[in-house]
2 protein chains.
Amino acid sequence: MFNYVIKGNICYSKTSRELCIVENGYAVCENGRSAGVYETLPECYEALPQYDYTDKLIIPGLCDLHVHAPQYPFRGLGMDLELIDWLNTHTFIEEAKYADLEYAQRAYSIFVNDLLDSATTRACVFGTIHPQATKLLMEKLEQTGIKAYVGKVNMDRNCPDNLCEPSAEHAFAETEQWINDTSSYENIKPILTPRFIPTCSDALMEQLSVLQKKYHLPAQSHLSENLGEIQWVSELCPDTANYGEAYAKYGMFGGGCPTIMAHCVYSGEEEIALLKAQGVFVAHCPESNTNLLSGIAPVRTYLNMGIHTGLGSDMAAGSSLSIFKAMAMAIQCSKLRWRLVDQSLEPLHFEEAFYLATKGGGAFFGKVGSFESGYEFDAVVLDDTPLLHPQPLSVKERLERLVYLAQDQHIIAKFAGGRNLFER
Amino acid sequence: MFNYVIKGNICYSKTSRELCIVENGYAVCENGRSAGVYETLPECYEALPQYDYTDKLIIPGLCDLHVHAPQYPFRGLGMDLELIDWLNTHTFIEEAKYADLEYAQRAYSIFVNDLLDSATTRACVFGTIHPQATKLLMEKLEQTGIKAYVGKVNMDRNCPDNLCEPSAEHAFAETEQWINDTSSYENIKPILTPRFIPTCSDALMEQLSVLQKKYHLPAQSHLSENLGEIQWVSELCPDTANYGEAYAKYGMFGGGCPTIMAHCVYSGEEEIALLKAQGVFVAHCPESNTNLLSGIAPVRTYLNMGIHTGLGSDMAAGSSLSIFKAMAMAIQCSKLRWRLVDQSLEPLHFEEAFYLATKGGGAFFGKVGSFESGYEFDAVVLDDTPLLHPQPLSVKERLERLVYLAQDQHIIAKFAGGRNLFER
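Just so you know, these numbers come straight off a predicted model, no measurement behind them. (Residues numbered from 1 in each chain as written. Chains lettered and ligands numbered in written order. Predicted model: local features only at pLDDT ≥ 70, side-chain atom pairs only at ≥ 80, totals over all residues. Heavy atoms only, no water.)

Caption draft 1: Seen up close, the overall build of chain A. Helix and strand counts for chain A stand at 13 helices and 17 strands. Relative to the compact-globule value of 22 Å for 424 residues, chain A shows a C-alpha radius of gyration of 21 Å, a close match. Taking the principal axes of the C-alpha coordinates as reference, chain A spans close to 60 × 50 × 40 Å. Counting across all 424 residues of chain A, residues that qualify as buried make up 67%. Considering only residue pairs separated by 6 or more positions, chain A has 76% of its internal contacts joining residues 24 or more positions apart. (Helix = DSSP H or I, 4+ residues; strand = E, 2+ residues; numbered from the N terminus. Rg over C-alpha atoms; globule rule 2.2 N^0.38 Å. Buried < 20%, exposed > 50% of the residue type's maximum accessible area, 1.4 Å probe, protein only. Contact = heavy atoms within 4.5 Å.)

Caption draft 2: How the structure looks around the pattern of salt bridges. All names here are of chain A. In this structure the tally under the stated criterion is 38 salt bridges over all chains. Between K97 and E94 there is a salt bridge, with its nearest N and O atoms 2.8 Å apart. Judged by its relative accessible area of 4%, E94 falls in the buried class. Between K135 and D181 there is a salt bridge, with the nearest N and O atoms lying 2.6 Å from each other. Of this pair, K135 sits in helix α3 (residues 131–144) while D181 sits in helix α4 (residues 168–181); the two residues are 46 residues apart in sequence, bridging distant segments of the chain. The exposure class assigned to K135 is buried, which follows from its relative accessible area of 14%. Owing to a relative accessible area of 30%, D181 belongs among the partly exposed residues under this scheme. Each of R17, R300, E346 and E352 takes part in salt bridges that share partners, so that together they form one network. (Salt bridge = Lys/Arg side-chain N within 4 Å of Asp/Glu carboxyl O.)

Caption draft 3: Spotlight on the sheet that holds strand β1 (residues 4–13) of chain B. All names here are of chain B. Pairing within the open sheet is mixed, and its seven strands lie in the order β3-β2-β1-β4-β15-β16-β17. Looking at strand neighbours, the two that pair on one side only are β3 (33–38) and β17 (419–423), the edges of this open sheet. Recorded for the sheet is a direction-independent mean angle of 35 degrees between the axes of neighbouring strands. The pairing of β1 with strand β4 (residues 50–60) spans five bridges and is classified as parallel. Within the sheet, the bridge partner assigned to V5 lies in β4 and is Q50. (Pairing = 2+ DSSP bridges. Axes fitted to C-alpha atoms, helices over the stretch in contact; angles between N-to-C directions.)

Caption draft 4: Representation of the interface of chain B and chain A within the structure. If you look at the interface, chain B gives 53 residues, while chain A gives 53 residues. For the pair chain B and chain A, the two sides together bury roughly 4,400 Å², of which 58% comes from carbon and sulfur. When the area that chain B buries against chain A is broken down by residue, the three leading residues are K335, R339 and P390 of chain B, summing to 15%. The interface formed by chain B and chain A contains two salt bridges. The salt bridge partner of R339 of chain B is E82 of chain A, with a shortest N-O separation of 2.7 Å. Where chain B meets chain A, there are 26 residue pairs in polar contact (both at pLDDT 80 or more). A total of nine residues in the side of chain B that touches chain A trace back to one element, the largest contributor, which is helix α11 (residues 323–340) of chain B. For the side of chain B that touches chain A, the per-class residue count stands at 25 nonpolar, 15 polar and 13 charged. (Buried area = accessible area lost by both parts, 1.4 Å probe. Polar contact = N/O pair within 3.5 Å; in protein donor to acceptor, adjacent residues only side chain to side chain. Nonpolar A, V, L, I, M, F, W, Y, C, P; charged D, E, K, R; others polar.)

Caption draft 5: A look at the side chain of S334 of chain B. Residue and element names in this part refer to chain B. Residue position: S334 is located in helix α11. Under the relative-accessibility criterion, S334 is labelled buried at 12%. A distance of 2.7 Å separates a polar side-chain atom of S334 from the backbone oxygen of I331. S334 has contacts with P347 and L348, leaving out every residue within four places of it along the chain.

Caption draft 6: Expanded view of the sheet that holds strand β12 (residues 259–263) of chain A. All names here are of chain A. Strand order across the open sheet formed by four strands is β11-β12-β13-β14, with parallel pairing between neighbours. This sheet does not close on itself; its edge strands, each paired only once, are β11 (219–223) and β14 (309–311). On average, adjacent strands in this sheet sit at an angle of 30 degrees to one another, irrespective of strand direction. When strand β13 (residues 281–284) meets β14, the two strands line up parallel, connected through three bridges.

Caption draft 7: Seen up close, helix α8 (residues 269–278) of chain A. All names here are of chain A. By the burial criterion, the buried members of α8 are E271, I272 and L275. With its buried residues spanning 100 degrees around the axis, α8 presents them on a single face. Facing away from the buried surface of α8 by more than 90 degrees, the exposed residues are E269, E270 and A277. Packed against the buried residues of α8 are β11, α7 (243–248), β13 and α10 (299–304). Positioned one or two residues after α8, G279 has a phi angle of 65 degrees, which is positive. (Arc of directions from axis to C-beta.)

Caption draft 8: The environment of R401 of chain A, seen in detail. Note on placement: R401 of chain A falls in helix α13 (residues 395–405). On the basis of relative accessibility, which here comes to 0%, the residue R401 of chain A falls in the buried class. Each C-alpha atom of the pair R401 of chain A and A328 of chain A lies 9.9 Å from the other, and the pair is 73 residues apart in sequence. In this view, R401 of chain A contacts D384, L387, L388, H389 and L393 of chain A together with R75, G76 and L77 of chain B; residues no more than four positions away in its chain are not counted.

Caption draft 9: Up close: the relation of the copies chain B and chain A. Overlaying chain B on chain A yields an RMSD of 0.0 Å, the required transformation being a rotation through 180 degrees with an accompanying axial translation of 0.0 Å. Both copies are brought into coincidence by an operation consistent with a two-fold rotation axis. Among all residues of chain B, the one whose C-alpha sits closest to the rotation axis is L340 of chain B, at a distance of 3.4 Å. (Least-squares fit on C-alpha atoms with pLDDT ≥ 70 in both.)

Caption draft 10: Spotlight on the packing of helix α3 (residues 131–144) of chain B against helix α4 (residues 168–181) of chain B. All names here are of chain B. For the pair α3 and α4, the least separation of the axes is 10 Å and the interaxial angle reads 20 degrees. It follows that α3 is roughly parallel to α4 by the angle criterion. Our pair here, α3 against α4, has a crossing hand that is right-handed. Judged by residue contacts, P131, T134, K135 and M138 of α3 engage E174, W178 and D181 from α4. Taken together, the residues of the contact of α3 with α4 sort by class into three nonpolar, one polar and three charged. (Parallel < 35°, antiparallel > 145°, perpendicular 65-115°, else oblique. Left-handed = near helix turned anticlockwise from the far one by under 90°.)

Caption draft 11: A look at the packing of aromatic side chains. Residues and elements named next belong to chain A. This structure, assessed with the given rule, holds 36 aromatic pairs over all chains. Aromatic rings pair up to connect Y4, Y12, Y51, Y53, F371, F377 and F415 into one cluster. When the ring centre of Y72 is taken as reference, the NZ or CZ atom of R75 above it lies at 3.9 Å. (Phe/Tyr/Trp six-rings, centres within 6.5 Å; stacked < 30°, edge-to-face > 60°. Lys NZ or Arg CZ within 6 Å of the ring centre and 35° of its normal.)

Caption draft 12: Region of interest: the side chain of E95 of chain B. All names here are of chain B. Position of E95 relative to the elements: it lies in helix α1 (residues 83–96). Within the structure, E95 has its side chain in polar contact with the side chain of Q71 (distance 3.1 Å). Not counting residues up to four positions away in its chain, the partners in contact with E95 are H68, P70, Q71, G127, T128, H130, L163 and R195.

Caption draft 13: Here's a closer look at the state of the cysteines. As enumerated under the stated definition, the model contains zero disulfides over all chains in all. Distance from the sulfur of C44 of chain A, which forms no disulfide, to the nearest cysteine sulfur (C29 of chain A) is 14 Å. For C264 of chain B, which is in no disulfide, the shortest distance to another cysteine sulfur is to C285 of chain B and amounts to 9.1 Å. C264 of chain B sits in the buried class, given a relative accessible area of 0%. (Disulfide = S-S within 2.5 Å.)

Caption draft 14: Up close: unusual backbone geometry. Note the cis peptide between M315 of chain A and A316 of chain A, where omega equals 0 degrees. Along the polypeptide, A316 of chain A turns up in the loop between β14 and α11 (323–340). In this structure, C264 of chain A takes a positive phi of about 50 degrees despite not being glycine. Note that C264 of chain A resides in the loop between β12 and α8. In this structure, N158 of chain B is a non-glycine residue whose phi angle is positive, near 55 degrees. Within the element layout of this structure, N158 of chain B appears in the loop between β8 (153–154) and α4. For N158 of chain B, a relative accessible area of 38% puts it in the partly exposed group.

Caption draft 15: The packing of α11 of chain B against helix α13 (residues 395–405) of chain B, seen in detail. All names here are of chain B. At a closest axis distance of 7 Å, the pairing of α11 and α13 adopts a crossing angle of 95 degrees. In this view, α11 runs roughly perpendicular relative to α13, as classed from their interaxial angle. Residue-level contacts link F324, M327, A328, I331 and Q332 of α11 to L402, V403 and Y404 of α13. Class assignment of the residues belonging to the contact of α11 with α13 gives a composition of seven nonpolar, one polar and no charged.

Right, dumping it as structure tokens:
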């Protein structure tokens, strides 16, 4: 098992407002979990092997609560459309290619290598409808040591023929087989993934609800992202009071089924109350919501209400896998929302963005996203010496700066669940 | 002089909507200016030396119309305040340090090296009030081959004692001496730089106006950035109908004095008409306007009206020198403005952002920002091979992707006015 000490400037959140920094302190990993952070190393740990990252920054691994692996090939492309047109014009065409395992092999290798190079140690990943390609993605991720939930996507209506499950029964059978085939990985776990209500018939949702009850899997989907989409859902589901209920009626909206809902840009009072009551996680994806002209989610409301909230890259409506970028854009978008929409909602501070990216999102995976005792030991070591400065900077200032300026080249080591994923 | 041919995928704007791409074509540099772009190299140029960048992207050098060199040390820091508080809390304290030439030496070395590494070939730069430090900055920039206007800042009120010119006469004398000391560089030229109306007394503006008439220098300043600032200006200048007039009455608002005004977030109809009539350049700084909670400028309006517009990093209210980032944020902010403020103003397309960063801003420097015949030969060569993709991509798609994903490491060569600044 994983037992060692890391020395460096250790930064982690206790709460959304409380950032702890121990300068050139010691984080102890015992059996893959944190045994605490110390200014002076206790004698009982002195015999452990040490990683010496004196003067470097050590932060919890970052959590990406919403990322579409098959969309990675067109990152940064096709940025002129709103959600539904973007899906039809770019996304579905790309995702259909994953019927071809050779294409999936090529594409997922690129995605997985780049995710490994990033600061992300935990992710909730969408695949495509294809069980074989999704298994391939899971195998590749498993080998990196990244910890992730990965979903074979379900969709059976309002999508092109070559990216449409032929019936709810067929979807059930394929999804159950896929669950059985992929439940024994160490790092990667299956998650139920109805794409979103517009592409999931009642019959399909019914079948997924059976699978949920049988296998007790978590779920992930999209919620209240875009005004056109929300209008469409209200037409498709005239019997539900809000978009969230369309998932809740099939038992895939928190409660006994741990659930992530991406976006929640336009959730109304009732939907927000349901998110809260059911313990649903909100994956805030500020770059995506900007690029697809959706709007800006009221993250401050979610934080104030104690709703579980984390960040998502939403590749490829977001252009980058960097959760540092998601932090910066979460702050920036919250400022524009304050200025342009609602001055009762205070913009996010950088400590809060850091919390969302670590402990906030990490909670979906258990005790993850902090160095407090008992937390799984996910760590990223950052070397910011290339970012030269003529004046002294505090560790906190160096961390704030990295939120805006970190690139993969600054990441010199990464650990997930105690395992060392790389050092360079 | 500079005579050669560059081969590669040549991309440049003819108009804000018309992007020209010549795949593996030839751009010819004659005496530092473009002699055209060709699919097949004309015989008369066959004897010229060739740079072979087959399959790479070649774009005009990018233009940063608004950047504060002395603020580079605190890039990415202190992002929780609006403009006036931010100036008082962070900016003025940092800028006062440049009275110390040793500090300026250290700080400006970092800034200049990083600007050289970027895709920027043209810049309009603010220094501080200090003539010696500003000269040092100009000397360092001169050595890189970057072409820039640099301003010794003028300010004599509403600023701390250690960053305040003691009188308008003193400011006149120091500024005139500085102009005389710095007018003979090849690449770097002085520009009049009243910081902004709140820190410039009428007497100071009067003196600068005398200098403008005597030396025919261009000018740069800030305009209508933030609601609090605009209110303050209206109190300071009760006799002017708008903020722009407060510059115009001293002859530093276009017309015979080529002028850049940064921001123009809240310019009203009359001010916009004045910008247009006087040929003033708008430096659109989307990241700055977001970080300082200012708002989003109506760039679509400026483009529609044919007002000269370019992009600015506005370091350090913007966190990065990257004009690629400014392009991406110009698009993104225009989308949020469309969604949240005014759906009559269509969001920017990537071709338009590219135009703003090249030919749009370049026009301030003369025939700059394009490879059309007669334009000064500024070029940046981009190697995007590290951005792997499993499917074929067109050159246009590769360019769009770089707007979102380009980092300095992708820049493998840079030319300004024909001179090769680096190859790597």
